[in-house]
Amino acid sequence: MNNTTRWDTLRPYVMILPAMLAILCFVIYPVFYLLKLSFYRYNLLNKAKSKFIGLDNYKQLFSKDEFYVALNNTLIYTVTVVLLTIVIALLLALLINRKKTRFNAFLQAGIFTPHIISIVSIALVWMLLMEPNFGILNYVLKTFGLPTSKWLQSSSTSMLSVILVSVWHNVGYYALILLAALQSVPPTIYEAAALDNASRFKTFYKITLPMISPQLFFVLIIMTIGSFKVFDTVRIMTGGGPNNSTSTLVYHIYEYRSNNLGYASATGIILMVIIAILTFVYFRVLANKVHYQ
Amino acid sequence: MNSKWRYGVTGISVALKSVVLLIFLFPFVWMITTSLKTFPETMIFPPKLLPALPQWSNFVTAMQSGPFLTYTKNSIIVTLSIIVIQMLVMIPAAYAFAKYKFRGQHFFFALVLLAFMIPGQVTFIPIYLMLADWGLVHTLWPQILPFAANAFGIFLLRQYFMQVPSEIIESARLDNANEFTIMRKIMVPMSIPALATIGLFSFVSHWNDYFWPLVMTDSTGVRPLTIGIAMLRETEGISNWHIIMAGNVVLVVPILLVYLFCSKQIVKAFVYSGIK
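Undergrad: Help me understand the packing of helix α8 (residues 151-162) of chain B against helix α11 (residues 192-208) of chain B in this model?
TA: All names here are of chain B. One can describe the packing of α8 onto α11 by two numbers: an axis separation of 9 Å at closest approach and a directional angle of 170°. Judged by the angle between their axes, α8 and α11 are roughly antiparallel. Residue-level inspection shows Phe152, Gly153, Leu156, Leu157 and Tyr160 of α8 in contact with α11, the latter providing Pro193, Ala194, Leu195, Thr197, Ile198 and Phe201. Here the contact of α8 with α11 is built from residues that sort into nine nonpolar, two polar and no charged.

Right, dumping it as structure tokens:
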């Protein structure tokens, strides 16, 4: 009898053990390991030659132009992607929201398609479309009598080109989240607004926007955190260039991962702190929202 | 007057929607038609949509330019292994979190939520060193093991399990069913939609993954399809777009097929993960 009760108390721990082991191994421990690495000059070939150097990696980081360029690029990328995506996603959601027709269902599936395709394919296709000499985007610009662009191959337009691809890749997903939010607004509220002869713009501004604000906020945070981690498009489409114009934080980490592992780790810690702050803000605001409801 | 205005609005909205659809689907059409062109046809300006004669041999060239059989096999093994391992790890954990009360429960669940937030783009450095120490770098394990615990999955499945009435579980226990049987015969069958959602999600994200295999693999023998396709630019030359697009089609088709058959579930899965 005693044996069974002991087993009863133990059982839930056994059930969560595999999950906890995996999280310990691949999430918790690596964070501390990363912190330790950031204080070392690490020698990949001969571990014994690694040397503790205190805060030197961080000092190096904050005195390096390249780091600030990467940080700056990441900020520009994040702000632009988030703003463009939210505005376009909202417009798309409003466009689809009007009626439940077959065409709208098809449209939903259509705008969502890029999101489930590998970024590798997306990046390669857009590189072809953006080819400066025979690419179809320049052809379209020419047809409309507009000046053509060098897209990814000029440092003045490369970042904008990467941003364009990211927005295209993800906007459908966010549009569908916002669409679900729009459809959960009770129709009675709109009927009341119509009785009051409220204008379309006013209804949108005073009713729709506040009603979907929790989802808008969610989308904002998820997108901001995701954008800070941008890497794939940059690696495939530009390799950080031309002239470091598209180098981002994660790309910076990636570039230094074998030559200067300690330095890359220190950059990783900085990125993690930024993401932790964003997540904290998210939960803070979310907790307040739930509280006031 | 009013009805005329209405027709106008409908017309504009249909036109607008068609343009939107074109913007989102045209790149895929272009990918497919380019994959069937000859090299000179890819360089014509103004560009032409269709090739004079479909060049099916582009696919052969693309697949022979590297060990694509190995890449494909690796992609399949990695993706399927991740899904199976995740299910085995996730189901008992979610069951314990949903239906048991035990000391430290909140602490352990907080760890799961924490795992959500730590980005792999940062922890890949120590994880790589760790797996190198374990001597696993030249196997497929570095692409599988780190994903054993699916935090989002545990979270979602726990919600589902909590909705299963405890009376059903109690009466099964009275019938001398053990906990394993309860999971297999009650919890899992009652949560098929959630499990399907999580499985689809894992399939799409790991089949498509580029970053993780890029930083975890050093040798061709363990690389997946995404890396192989991205490398086509190096092996086939930057301007051989017809070959690169052929490889691209091979990478995209399995996902598009799955999407064609269950676009509703996939859209639901992704949107649900966003709303909770």
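Undergrad: Looking at this structure, I do not really get the pattern of salt bridges. What am I missing?
TA: Oppositely charged side chains can pair when the atoms bearing their charge come close. Inspection of every chain in the model, using the stated rule, returns four salt bridges over all chains. Between Asp56 of chain A and Lys59 of chain A there is a salt bridge, and its shortest N-O distance comes to 3.9 Å. Linking Asp56 of chain A with Lys59 of chain A, this pair stays in helix α2 (residues 56-62), spanning three residues, or about one helical turn. A relative accessible area of 56% means that Lys59 of chain A is categorised as exposed. Here Arg173 of chain B makes a salt bridge to Glu170 of chain B, at a shortest N to O gap of 3.1 Å. Taken together, the residues span about one helical turn, with Arg173 of chain B and Glu170 of chain B both in helix α9 (residues 166-174) at a distance of three residues. When its relative accessible area of 27% is taken as the criterion, Arg173 of chain B is described as partly exposed.

Undergrad: Could you clarify how one ought to interpret the packing of aromatic side chains in this entry?
TA: Two aromatic rings are characterised by how far apart their centres lie and by the angle between their planes. Under the counting rule described, the total for this entry stands at 34 aromatic pairs over all chains. Pairing Trp168 of chain A with Phe28 of chain B gives two aromatic rings, centres 5.8 Å apart and planes at 35°, and the pair type is tilted. Pair noted here: Trp168 of chain A is in helix α7 (residues 158-183) and Phe28 of chain B is in helix α1 (residues 2-34), and the two residues belong to different chains. Each of the two residues, Trp168 of chain A as well as Phe28 of chain B, counts as buried. Consider the rings of Phe97 of chain B and Phe102 of chain B, whose centres lie 6.1 Å apart with planes at 35°: the pair is tilted. The pair formed by Phe97 of chain B and Phe102 of chain B is uniform in burial state, with each residue classed as buried.

Undergrad: So what exactly am I meant to see when it comes to the domain arrangement of chain A here?
TA: Accessible area lost when the parts come together is the quantity often used to give the size of an interface. Residue and element names in this part refer to chain A. In terms of domains, chain A is made up of domain 1 (2-52) and domain 2 (56-292). Each of domain 1 and domain 2 was reduced to a C-alpha centroid, and the two centroids are 34 Å apart. Between domain 1 and domain 2, the residue contacts involve nine residues of the former and eleven residues of the latter. Its largest share of buried area at the contact with domain 2, domain 1 owes to Leu34, Ser38 and Leu44, together 52% of the area lost on that side. Counting across the interface, domain 1 meets domain 2 through zero salt bridges. Element by element, the count of residues in the side of domain 1 that touches domain 2 is highest for helix α1 (residues 2-37), at four residues. The residue makeup of the side of domain 1 that touches domain 2, split by class, is eight nonpolar, one polar and no charged.

How each quantity is defined
- Within each chain, residues carry numbers counting from 1 in the order of the written sequence.
- Going through the entries in the order they are written, you letter the chains from A and number the ligands from 1.
- Only residues with pLDDT of 70 or above have their local features reported here, since the model is predicted, and side-chain atom pairs are shown and tallied only from 80 upward, although totals for entire chains, interfaces and linings are computed over all residues.
- Side-chain calculation: all heavy atoms of the structure are included, whereas hydrogens and water are not.
- Whenever a helix is involved, its axis is fitted only over the stretch in contact; in every case the axis is a line through C-alpha atoms, and angles between N-to-C directions fall within 0 to 180 degrees.
- The way it works is that DSSP assigns letters per residue, a run of H or I at least four long becomes a helix, a run of E at least two long becomes a strand, and they are numbered from the N terminus.
- Reported orientations rely on four angle classes, namely roughly parallel under 35 degrees, roughly antiparallel over 145, roughly perpendicular from 65 to 115, and oblique for the rest.
- The contact rule is simple, with two residues in contact once any of their heavy atoms fall within 4.5 Å.
- Three categories are distinguished: nonpolar for Ala, Val, Leu, Ile, Met, Phe, Trp, Tyr, Cys and Pro, charged for Asp, Glu, Lys and Arg, and polar for the others, with Gly belonging to the last.
- When a carboxyl oxygen of Asp or Glu lies within 4 Å of a side-chain nitrogen of Lys or Arg, that pair is called a salt bridge.
- To sort residues, take the accessible area from a 1.4 Å probe on protein chains only and compare it with the maximum for the residue type: under 20% means buried, over 50% means exposed, and anything in between is partly exposed.
- Centres within 6.5 Å are what make two rings of Phe, Tyr or Trp a pair, Trp counting through its six-membered ring; a difference in plane orientation under 30 degrees is then read as stacked, over 60 as edge-to-face, and the rest as tilted.
- Boundaries between domains were set according to an automatic or database domain assignment.
- A quick way to say it: buried area is the sum, across both parts, of accessible area lost when two parts are put together, with a 1.4 Å probe.

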